[in-house]
Amino acid sequence: LITKYEELTQSLFLDMFGDPVRNPMGWEVKPLKDFGKIVTGSTPSRKNETYYSSKFIEWVKTGNISSEKTYITNAKEYLSEEGLKNGRFVKEGSLLVACIAGSIKSIGRAALTDRKVAFNQQINAIEPCQEVSSLFLYHLFRSSLGYIQDHATHGMKRMLSKGDFQKILMIKPPVDVQNQFAKRVQAIEAQKTQAQASLVQAEDLFNSLLQKAFKGEVV
């Protein structure tokens, strides 16, 4: 059921916007710099331990960007308040994109932020402008992964520099259409969350019964 909900979201995107690379619906096409503020992360000096001495703000890496999750996972490292002054951060609703990786398959992976976070230099972020829906932007990237990867360098280390990243051309439908899509996605996500909660309950029940079976308590 969870898989079907995920497929439904992808089908909804294609139904409303078509293939974003071929653009059969003739949407306006703009460079990514027109979608919002683009920020490249950074790594405060490791020589200064005070930069990492407190849990003031999460410091996100590419490992926190999962191809299976809409939002970033919890970071294992944090920056102090002083460390943040030497780092870079984005606000809630931004899109983080892996742009430096050893494998081309890792380039273009994207996830949204549901909180303010700092992040390292392997990530480019987009803080959407008022004419761009965060959820639309996320699914636009998911539907354009191969196209985005084609813009990366082809050396030992695959990379999408900020300069190249912000020049990538993407479809930019009217914001009211984007918002209609986002509203429908939120409804689907609510149903998926309920399904995930039911799955956890079912797994807990199964594990409990399994333990009782091993103890000979199931009759």
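Quick caveat, the model's predicted, so the values are computed rather than measured. (Residues numbered from 1 in each chain as written. Predicted model: local features only at pLDDT ≥ 70, side-chain atom pairs only at ≥ 80, totals over all residues. Heavy atoms only, no water.)

## Overview of the packing of aromatic side chains
Within this structure, the stated rule accounts for eight aromatic pairs. Ring centres of Tyr52 and Trp59 lie 5.8 Å apart, and the angle between their planes is 75°; on these two criteria the pair is classed as edge-to-face. Since its relative accessible area comes to 17%, Tyr52 is described here as buried. On the accessibility criterion, Trp59 (3% relative accessible area) is buried. Within the aromatic cluster, the residues linked to one another by ring pairs are Phe13, Phe17, Trp27, Phe136 and Phe181. It is Arg46 that lies over the ring of Tyr52; its NZ or CZ is 4.4 Å from the centre. The ring of Phe89 carries Lys116 above its face, with NZ or CZ at 4.3 Å from the centroid. (Phe/Tyr/Trp six-rings, centres within 6.5 Å; stacked < 30°, edge-to-face > 60°. Buried < 20%, exposed > 50% of the residue type's maximum accessible area, 1.4 Å probe, protein only. Lys NZ or Arg CZ within 6 Å of the ring centre and 35° of its normal.)

## As for the side chain of Lys172
Relative to the elements of secondary structure, Lys172 occurs in the loop between β12 (169–171) and α6 (175–214). Although buried, Lys172 forms no salt bridge, and the nearest oppositely charged side chain, Glu131, lies 4.8 Å from it. Of the polar contacts made by the side chain of Lys172, one reaches the backbone oxygen of Asp34; its length is 3.0 Å. Once residues lying within four places of it in the same chain are set aside, the contact partners of Lys172 are Glu28, Lys30, Asp34, Phe35, Glu131, Val132 and Gln178. (Helix = DSSP H or I, 4+ residues; strand = E, 2+ residues; numbered from the N terminus. Lys, Arg positive; Asp, Glu negative; His and termini not counted. Salt bridge = Lys/Arg side-chain N within 4 Å of Asp/Glu carboxyl O. Polar contact = N/O pair within 3.5 Å; in protein donor to acceptor, adjacent residues only side chain to side chain. Contact = heavy atoms within 4.5 Å.)

## What about the environment of Glu92?
Structurally, Glu92 can be placed in the loop between β5 (89–90) and β6 (95–98). Taking the C-alpha atoms as reference points, Glu92 and Arg115, 23 residues apart in sequence, are found 4.3 Å from one another. Setting aside its immediate chain neighbours within four residues, Glu92 contacts Thr113, Asp114, Arg115 and Lys116.

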